[in-house]
Amino acid sequence: MSSNGSDIVSQEIANLDINDGARDAFAMYDSAPPPAPKLKSKGVIAMDMTAEFANAAQQLDVGQLVKDPYFTLFESVGALEIMDRKMDSGCLEPGETMEDEYDFSQSLLPEEIIGIIDQLLCHEMAWHMGYPLAQTIFTSLYIDKLLSPCPLSIQQTYFDTRHGSSIHEPLTVRILRAYCLGLIKTCSYINNRVKAEHFYEEEDFVTHTFNRSLLEGIEHDDIFQFLEETTRLLAISDDVSPDVKKALDCRLRFRAQFLETVEVADSSTSDAIAQHWKTLGEFLPFLKSSSKFGKPSPFSFSVKIQRKLASTVPPRPIVQVSQESSFDHLERLCRDAAVAVEVLNYYNSQSLLTFVILFQGRKPQPSVYVRTLLQHYIFADMIMLGDKSIRHILDDDLASTVLPNHKLLDRDNDDIEVPHDLRHQMALRMETFRARAAGSYLDLLRTICQNRCRIRRSLCHTIVDWDTLQLDAEELDVELRDFTMEAPILDQQISTEPIYSFPLSSWAYFYKLKQMEWIVQMGFELETYQQDELAGMYWYLQYLVRTRYRHLERIRGFDVRGFAAARKDPKVPSNKILEYTRAVSFIDFSSMEAAATYGFADSLSSLFTVLSRLSLIKSPPRPYSNDSMRYEVRMKPFLGIGLPELVPFDELTRTIMQPEESNLDLLKFASECAVGAKKGFEVLTKLSAKDAYCQGSHESWLNNIKACLKACIFTSITIASVKKAVEVAGIDGRPKIKIEIPPSGKGYHDWWIVPKVVPVS
Amino acid sequence: MAQTKTQAESYLASLLGKTLRVTTTDTRMFLGQFKCTDSDQNIILSQTFEYRLPPPPKEPGTTTQDLTSRYLGLVVVPGEYITKVEVEAFESQLSREERERFGVGSGKKENERVGGSEGEGCALG
């Protein structure tokens, strides 16, 4: 497997859509700004030319510019205006001082320590939610003191410099210092993890550290031990009341656990990761309940610190995230992270894909750190799931769909070096195919790990790549026939031409169709479509799913034929026979799911058609476009796709509106489809994890199908109500109902928008 | 110094791309590459660093005061706030006239107060 090749491909794809050329405020420097120039260096002098400059400038006409020819006015828009309070974080009010008058030598009450720690936790979670460090953790004066100047050992981290030598550091201050050290080190791990994976800086997470080092110079173990030692010192101290002592103890242990967990989470082999996250989660209830002992210490946070941070952006206020929502976020983070590790238990390629899709589909979506952890587990160092090659996963997928027990996947072919040997030729071409397909396949997995909007957007971009992959694979399929000696199906009833299996292009086509379906379905989830587009989009969905269904039938035909031949052949071992049953069972499952999906989509499409005929769905005014232009824009991702061809607008309109059918006929059809789909979903709910190809995520899968089922039942109810109203109103009357369309997240399932009927008097 | 407009333009153009040190009314100094100016003497600098005098020491006796610096990127300094404009030059490339004017080689040194920046020695890994 040419890992380099696919690496480059995925990098190219990644480059394609990152930021789309938008200027990122932090993109000026990825790692760090250049070091500040020395003001005094030998041989360089600064010549005062204030007067000359002013005189010369005065000679210029109003509006005239003297500028560097390569410097554009467009660039200048991004410049920070000095002395403008809204732009210039360094601008001081008259009489204002640069530094906060904060006394680091003051002693703090234990209650105040709790208050500061809890506030820092809120800031930490705000950072996880996507706010920059400059508006969150870095607003703490204690954190600022800790990080600037950059300490290289724990000895250099005293808040009050006298504490190291002359005066003994109070225990409360030491507790805060230990907690802050642990906090920053935790952030350092998280920041590095997120940076290493694919994410969107402006949408997801800000990894910018404003030229501050996150304690990279101090060893993990030193900080961890310092936390533990401080915990011990607290245990033997008796100056603190028991409740407060317990609360402080819990915070120190929590921080040590968090630090340990993020360190362990980076390895992709340890079985202990999930347990670590669970242990961390167990701290939360007491953390939450003991926060009432805390005393807020607002003066230890300041927005002024931004003046000291390297920043190309204007000053911004401190972000306030409530304690409740930060605990919620942390709780979810622990839970999601513990689940994400389960991806390392590999069952088969389909279950892997299902796992990733369902995990990303969790509502609310797992936080960026957890999503990057998932990416890390799947792809780290081009090793899949910690110990598998990409070829392993890809071959697994081919074997379980189009090539069960096939000589093309025989690993022994690789060892044949005689160029005219058929097996050598097969191995050669399969290698070409894998090198081509691996990039697309990995990109698919990585795409699904992004935020919801980006998933759809990236799929829209990469779908053309799958179309090309299908064409390339088709060529290889034709070439391979000479080496596999494939006997075509000769059936005059189906076709006068011999029918070949085209396994590799079939595989690509299958995944291409799946992704086209997702593009349409995620459009429902993301509320991309207007209400009057829903009939058309559900029609398009059923068109794609039906195409997949027919394609699966074709694949199944070839698999079954191979199966029959293998059973008659006594030389085929039983484990190879199993490969056929496995492939057929996957195709049956996928067909079943397809049947339920297209039935449901059909039903909703007809229902929406009737609703728009009854003028119950309003079209927004669109003075600057017409239907066919809008259709072209909507279907832009599919315009370049060769197969299935895009349905022309006129044809689509006729098919959806079905002018020859009456409203009641359409409703009858919708109701029948819904009943069929319901039966389909019911059968699906009874499948085992193995049969539903969702090993490792059966519970979420089942919940998902059940949500589809509920949406389907609700659709039947809506259809019945509309039918009744139409019957009551008679042929020419207006039914006395109105329609409510629930926003995304409020219905039973985000991919199924089911209108609700409300009677009007 | 009387200047024609053409002389003024070519003088300003000759400074483009050079490193300027622009001091503002609040005593901050901005060091960056000169990109653009206009009749109001608004100055655009790229890759700019801000240098600021630290607050006066609380305890008398501590004498070493370093300028603190930070990176800002592209900035525009409005002409009305500018108190001083300096251009950096290599001593060796100055004409005799300029040497005399700026006292180079006469023992007088510019920017005696200037030290290193606070963040030095703490580059990000």
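Residues numbered from 1 in each chain as written. Chains lettered and ligands numbered in written order. Predicted model: local features only at pLDDT ≥ 70, side-chain atom pairs only at ≥ 80, totals over all residues.

**As for the overall build of chain B**
Just so we agree on the cut-off: A run of H or I in DSSP becomes a helix once it reaches four residues, and a run of E becomes a strand once it reaches two; helices and strands are each numbered from the N terminus. Residues are scored as being in contact if the C-beta atoms we place from backbone atoms lie within 7 Å.
Check the secondary structure of chain B and you find two helices and five strands. Ordered by position from the N terminus, the helices and strands of chain B form the series α-β-β-β-β-β-α. Excluding contacts between residues fewer than 6 apart, the proportion of contacts in chain B whose partners are at least 24 apart in sequence is 50%.

**Focus: the overall build of chain A**
What counts here: With C-beta atoms placed from the backbone, a residue is labelled by how many other C-beta atoms lie within 10 Å of its own: buried for 20 or more, exposed for 12 or fewer, partly exposed between the two.
For chain A, the helix and strand inventory stands at 23 helices and five strands. Reported as C-alpha extents along the three principal axes, the dimensions of chain A are approximately 100 × 75 × 70 Å. Taken over 761 residues, chain A has a buried fraction of 41%. When contacts within chain A are restricted to residue pairs at least 6 apart in sequence, those whose partners lie at least 24 apart make up 79%.

**Brief notes about the interface of chain B and chain A**
Heads up, the condition is: Asp, Glu, Lys and Arg are counted as charged, while Ala, Val, Leu, Ile, Met, Phe, Trp, Tyr, Cys and Pro are counted as nonpolar; the rest, among them Gly, fall into the polar class. For two strands to be treated as a pair, DSSP must find no fewer than two bridges joining them.
Listed per partner, the contact involves 64 residues of chain B and 58 residues of chain A. Taken together, the elements giving at least two residues each to the side of chain B that touches chain A come down to α1 (5-15), β1 (19-24), β2 (29-38), β3 (43-52), β4 (68-77) and β5 (82-90) of chain B. With ten residues, β4(B) is the largest single contributor of residues to the side of chain B that touches chain A. Split into classes, the residues belonging to the side of chain B that touches chain A amount to 32 nonpolar, 15 polar and 17 charged. Sheet analysis places strand β1 (residues 44-48) of chain A next to β5(B), joined by five bridges and oriented antiparallel. Within β5(B), the position partnered with Met47(A) by the bridge is Val87(B).

**Brief notes about the nonpolar core**
The nonpolar side chains of a soluble globular protein tend to be buried with one another. To keep things clear, this is the line we draw: Working definition: the nonpolar core is a set of buried Ala, Val, Leu, Ile, Met, Phe, Trp, Tyr and Cys residues, joined through C-beta atoms within 7 Å. The split of the chain into domains comes from an automatic or database domain assignment.
Grouped together as the largest cluster of nonpolar side chains are 209 residues, with contacts concentrated most on Ile184(A), Ala340(A) and Val75(B). For this core, the element with the highest residue contribution is helix α18 (residues 574-613) of chain A, accounting for 15 residues. Two domains each provide a minimum of three residues to this core, namely domain 1 (110-321) and domain 2 (529-620 + 658-761) of chain A. Not counting residues up to four positions away in its chain, the partners in contact with Val75(B) are Ala79(A), Leu80(A), Ile82(A), Phe30(B), Gly32(B), Leu45(B) and Thr48(B).

**With respect to the packing of helix α22 (residues 663-685) of chain A against helix α23 (residues 698-729) of chain A**
Residue and element names in this part refer to chain A. Which entries qualify depends on this criterion: Geometry is summarised by axes, namely lines fitted to C-alpha atoms with helices restricted to the contacting stretch, and by angles between N-to-C directions that run from 0 to 180 degrees. For classification, angles of less than 35 degrees are called roughly parallel, those exceeding 145 degrees roughly antiparallel, those between 65 and 115 degrees roughly perpendicular, and all remaining angles oblique. What makes a crossing left-handed is the near helix being turned counterclockwise from the far one by less than a right angle; a clockwise turn instead makes it right-handed.
The N-to-C vectors of α22 and α23 enclose an angle of 160 degrees; their axes lie 9 Å apart at closest approach. One way to sum up the angle between α22 and α23 is to call them roughly antiparallel. Two packed elements cross with a definite hand, and for α22 against α23 that hand is left-handed. When grouped by side-chain class, the residues that make up the contact of α22 with α23 number 17 nonpolar, five polar and four charged.

**A few points about the UniProt feature "domain: NAA35-like TPR repeats" (unreviewed entry) in chain A**
The cut-off we apply is this: UniProt positions are given in the numbering used here, feature names are shortened, and annotations may be inferred rather than shown by experiment.
In this numbering, the UniProt entry assigns the feature "domain: NAA35-like TPR repeats" (unreviewed entry) to residues 340-718 of chain A. As annotated, residues 340-718 of chain A comprises 68% helix and 0% strand, and the C-alpha atoms at either end are separated by 38 Å.

**Side note on the environment of His376(A)**
All names here are of chain A. Positionally, His376 belongs in helix α12 (residues 368-379). Accessibility expressed as a C-beta count within 10 Å gives 21 for His376, which makes it buried. Taking the C-alpha atoms as reference, His376 lies 62 Å from Gly730; in sequence the two are 354 residues apart.

**Let's talk about the domain arrangement of chain A**
What the domain assignment reports for chain A is domain 1 (110-321) and domain 2 (529-620 + 658-761). Spacing between the C-alpha centres of domain 1 of chain A and domain 2 of chain A amounts to 49 Å.

**Remarks on the confidence of the model for chain B**
Residue and element names in this part refer to chain B. The test is simple: pLDDT is defined as a per-residue confidence score from the predictor, taking values between 0 and 100.
Per-residue confidence for chain B gives a mean pLDDT of 76, with 68% of residues at or over 70. Confidence, expressed as mean pLDDT per element, reaches its minimum in chain B at helix α2 (residues 96-102) with 71 and its maximum at β1 with 94. Confidence metrics for the complex model read pTM 0.82 and ipTM 0.79.

**Structural notes on helix α14 (residues 422-448) of chain A**
Using the following cut-off: By this rule the span expected of a helix is its residue count minus one, scaled by 1.5 Å. Bending is quantified residue by residue as the angle between axes fitted to the seven-residue window ending at that residue and the seven-residue window starting at it.
Taking 1.5 Å per residue, 27 residues should reach 39 Å; α14(A) reaches 38 Å between its end C-alpha atoms and fits that length. Along α14(A), the helix axis deviates most sharply at Ala437(A), where the bend reaches about 30 degrees.

**As for unusual backbone geometry**
Residues and elements named next belong to chain A. The peptide bond linking Lys363 to Pro364 adopts the cis configuration, its omega dihedral lying at -10 degrees. Along the chain, Pro364 falls in the loop between α11 (349-360) and α12. Between Leu643 and the following residue, Pro644, the backbone shows a cis peptide bond with an omega angle of -5 degrees. Checked against the element boundaries, Pro644 lands in the loop between α20 (636-639) and α21 (649-657). Positive phi is not limited to glycine here, since Glu527 has a value of about 55 degrees. By the element assignment, Glu527 lies in the loop between α16 (503-525) and α17 (534-568). A positive phi is found at Ser615, a non-glycine position, where the angle reads about 55 degrees. Relative to the helices and strands, Ser615 is located in the loop between α18 and α19 (627-634). Residue class for Ser615 comes out exposed when judged on the 9 C-beta atoms lying within 10 Å of it.

**Things to note about the packing of α14(A) against helix α15 (residues 452-484) of chain A**
For the pair α14(A) and α15(A), the least separation of the axes is 10 Å and the interaxial angle reads 170 degrees. The angle between the axes of α14(A) and α15(A) places the two elements in the roughly antiparallel class.

**Details of the environment of Leu445(A)**
Residue and element names in this part refer to chain A. Locating Leu445 in the fold gives a position in helix α14. Exposure remark for Leu445: the 20 C-beta atoms within 10 Å place this residue in the buried category. Expressed as a C-alpha distance, the spacing of Leu445 and Leu352, which sit 93 residues apart in the sequence, is 9.3 Å.

**Let's talk about the confidence of the model for chain A**
Chain-level statistics for chain A give a pLDDT mean of 89 and a share of 95% at 70 or above. Counted against residues more than four places away or in other chains, residues 1-31 of chain A, with its pLDDT under 50, gives 37 contacts.

**With respect to the environment of Ile753(A)**
Residues and elements named next belong to chain A. As for its position among the elements, Ile753 is in the loop between β4 (737-740) and β5 (756-759). Given 23 C-beta atoms within 10 Å, Ile753 falls into the buried group. C-alpha separation for the pair Ile753 and Leu80, spaced 673 residues apart in sequence, amounts to 46 Å. Contact partners of Ile753, with chain neighbours within four places excluded, come to Phe524, Leu534, Ile741 and Gly747.

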